[in-house]
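Each chain is listed here by its residues.
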Amino acid sequence: MKASELRGKSIEELEGQLVDLKKEQFNLRFQGATAQLENTARVRQVRRDIARIQTLVNEKRASA
């Protein structure tokens, strides 16, 4: 997911997406701990998407 796609969304939409990504991150960590994780690159992708969304939410709150 790109930052340009996320900039058009409202803070509420971004926070909803953030909750979904945090749930996915938890599930991926659980799968990794039980040796069931197939796509290890997804962990990194989710972590970066979370950081990207948090940055945009902070930017939007600071400008408001």
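Note on numbering: residues in each chain are counted from 1, in written sequence order. The model is predicted, so local features are restricted to residues of pLDDT at least 70 and side-chain atom pairs to those at 80 or more, both for listing and for counting; the totals for chains, interfaces and linings are taken over all residues. Side-chain measures were taken over the full set of non-hydrogen atoms in the model, leaving aside hydrogen atoms and water.

Quick question: what am I supposed to make of the overall build of the chain here?
Where helices and strands are cited, they refer to DSSP runs of H or I of at least four residues and of E of at least two residues respectively, numbered from the N terminus. The helix and strand tally for the chain stands at 3 helices and 0 strands. Counting helices and strands in the order they occur from the N terminus, the chain gives α-α-α. Taking the principal axes of its C-alpha atoms as reference, the chain extends roughly 45 × 15 × 15 Å. Expressed as a percentage of its 64 residues, the buried residues of the chain come to 19%. Contacts in the chain between residues at least 24 apart in sequence constitute 67% of all its contacts with a sequence separation of at least 6. With residues, only the protein chains shown are counted as cover, and all accessible areas are computed by Shrake-Rupley using a 1.4 Å probe. With the model as given, the accessible surface of the chain reaches about 4,700 Å², and the carbon-plus-sulfur share is 49%. The buried label goes to any residue with under 20% of its type's maximum accessible area, the exposed label to any with over 50%, and the partly exposed label to all in between, with areas taken from a 1.4 Å probe on protein chains only. When checking whether two residues touch, look at their non-hydrogen atoms; a contact exists if any pair is within 4.5 Å.

Help me out: how do you make sense of helix H3 (residues 41-63) in this one?
Quick reminder: α-helices carry 3.6 residues per turn. Residues three or four places apart thus point the same way. A helix is expected to span 1.5 Å multiplied by its residue count minus one. Between its first and last C-alpha, H3 extends 34 Å over 23 residues, near the 33 Å set by a 1.5 Å rise per residue. When H3 is considered as a whole, its buried residues turn out to be Val46, Asp49, Ile50, Ile53, Leu56 and Val57.

Quick question: what am I supposed to make of the side chain of Gln17 here?
Note that Gln17 resides in helix H2 (residues 11-33). The definition of a polar contact used here is a pair of N or O atoms within 3.5 Å, where within protein one atom must be able to donate a hydrogen and the other to accept one, and adjacent residues in sequence count solely through side-chain atom pairs. Here the side chain of Gln17 touches Lys9 through a polar contact of 3.4 Å, side chain to side chain. Every residue in contact with Gln17, bar those within four places of it in the chain, is listed here: Met1, Leu6, Lys9 and Ile53.

How should I be thinking about the nonpolar core in this particular structure?
Across soluble globular proteins, nonpolar side chains have a tendency to be buried as a group. The term nonpolar core refers to a set of buried residues drawn from Ala, Val, Leu, Ile, Met, Phe, Trp, Tyr and Cys, joined through side-chain atoms within 4.5 Å. Counting residues in each nonpolar core, the largest one holds 10 residues, listed as Leu6, Leu14, Leu18, Leu21, Leu28, Val46, Ile50, Ile53, Leu56 and Val57. Those elements giving two or more residues to this core turn out to be H2 and H3. Examining the composition of this core, we find that 5 residues originate from one element, H3, more than from any other. Not counting chain neighbours up to four residues away, the residues in contact with Leu18 comprise Ile50, Ile53 and Gln54.

Just checking my understanding: could you explain the confidence of the model for the chain for this structure?
Atomic detail in the predicted coordinates should be set aside for any region of low pLDDT. Here the chain averages 95 in pLDDT, and 100% of its residues register 70 or above. You can read pLDDT as the predictor saying how much it trusts each residue, on a scale of 0 to 100. Ranking the helices and strands of the chain by mean pLDDT puts H2 first, with 97, and helix H1 (residues 3-6) last, with 90.

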